[in-house]
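Structure at a glance
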Amino acid sequence: MKQNGTLSSTPLNVYSSIEEIGDEHVGTSYETPMVPNAFEIDDNLKQALIEKKFKEIMEIMGLDLTDDSLAGTPKRVAKMYIKEIFSGLSPANKPKITLFENKYQYNEMLVEKNITFHSNCEHHFVPIIGKAHVAYISSGKVIGLSKINRIVEYYAKRPQVQERLTVQIANEFKALLETEDVAVIIDADHLCVQSRGVKDVNSSTVTAQFHGRFKEKATKNEFLSYINIKA
């Protein structure tokens, strides 16, 4: 197959796989796929480059960028990509977390439920909108409630697959709190399902990670009861 005037060594079955993955809920790695030099370009230059490329995309689609409504769109999209919806790609934006001693000796589970998040499907770059439910049992440290939301938001603000998002959030809390006793459930709507392809507006996707004591039936069921999900 020719590519940019040269023969591509990519076999045809790889292109077939790309098409298949694009229409399925498939992720290829726990870590968000990033190139090694992802942060050698600063955000200002990234915005300028995205603005230029997005302008080209709009022109290819036949849009008139001299129209007042469209003229600023490439700039707005570039800023949105870097500063907002994909801000979680940069480690510089990772929330600063302060932990506290569990002075109350509270040894039951803590549940933060219905954490609203907005992410984007990495296959089509369309929104994933959902709620995350996070629980942990302290091993001596506790975390501020608002920081739980911010960690969810940080990992959501990048091109994602819901399974990976669930694992990344759970692993982050395990590492931060130095405990295996962590659970995460995500219930989300995928616009790649609702607005294209099968166009099913009623289904949602649920993923879960249970670690430590949350693998025990009684503890798991207690958590599920708090978030109104039947085992």
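Notes on the structure in this doc start here. (Residues numbered from 1 in each chain as written. Predicted model: local features only at pLDDT ≥ 70, side-chain atom pairs only at ≥ 80, totals over all residues. Heavy atoms only, no water.)

Below, the discussion takes up the packing of helix α2 (residues 43-60) against helix α4 (residues 73-85). Interhelical geometry of α2 versus α4 gives an angle of 135° and a closest axis separation of 8 Å. When the interaxial angle is binned, α2 and α4 end up oblique. The crossing of α2 and α4 is right-handed. Of the residues in α4, those in contact with D43, K46, Q47, I50, E51, F54, K55 and M58 of α2 are T73, P74, K75, V77, A78, K79, Y81, I82 and K83. Looking at the contact of α2 with α4 residue by residue, the classes come out as 8 nonpolar, 2 polar and 7 charged. (Axes fitted to C-alpha atoms, helices over the stretch in contact; angles between N-to-C directions. Helix = DSSP H or I, 4+ residues; strand = E, 2+ residues; numbered from the N terminus. Parallel < 35°, antiparallel > 145°, perpendicular 65-115°, else oblique. Left-handed = near helix turned anticlockwise from the far one by under 90°. Contact = heavy atoms within 4.5 Å. Nonpolar A, V, L, I, M, F, W, Y, C, P; charged D, E, K, R; others polar.)

The next thing to look at is the side chain of S138. Along the chain, S138 falls in the loop between β5 (127-137) and β6 (141-143). Given a relative accessible area of 15%, S138 falls into the buried group. A distance of 3.4 Å separates the side chain of S138 from the side chain of N102, its partner in a polar contact. Here K141 takes part through its backbone oxygen, which lies 2.8 Å from a polar atom of the side chain of S138. Apart from the residues lying within four places of it in its own chain, the contact partners of S138 are N102 and Y106. (Buried < 20%, exposed > 50% of the residue type's maximum accessible area, 1.4 Å probe, protein only. Polar contact = N/O pair within 3.5 Å; in protein donor to acceptor, adjacent residues only side chain to side chain.)

As a further point, take the environment of P74. Within the secondary structure layout, P74 lies in helix α4. Linking P74 and F54, residues 20 residues apart in sequence, is a C-alpha distance of 5.5 Å. In contact with P74, not counting residues within four places along its chain, are E51, F54, K55, M58 and L65.

Positive phi, close to 55°, is recorded for Q105, a residue that is not glycine. Summarising the element assignment, Q105 is placed in the loop between β3 (99-101) and β4 (109-121). Phi at N114 is positive, roughly 60°, even though this residue is not glycine. For N114, the position within the fold is in strand β4.

Once that is clear, we can look at the packing of helix α5 (residues 145-156) against helix α6 (residues 162-177). The N-to-C vectors of α5 and α6 enclose an angle of 140°; their axes lie 10 Å apart at closest approach. Of the possible angle classes, the one that applies to α5 and α6 is oblique. Read as a crossing pair, α5 and α6 show a hand that is right-handed. Contacts between α5 and α6 involve I148, I151, V152, Y155 and A156 from the former and L165, Q168, I169, E172, F173 and L176 from the latter.

Take the packing of aromatic side chains next. This structure, assessed with the given rule, holds 6 aromatic pairs. Centre to centre, the rings of F86 and F125 are 5.1 Å apart; their planes meet at 55°, and the pair counts as tilted. Highlighted residues: F86 in the loop between α4 and β3 and F125 in the loop between β4 and β5, separated in sequence by 39 residues. On the accessibility criterion, F86 (8% relative accessible area) is buried. (Phe/Tyr/Trp six-rings, centres within 6.5 Å; stacked < 30°, edge-to-face > 60°.)

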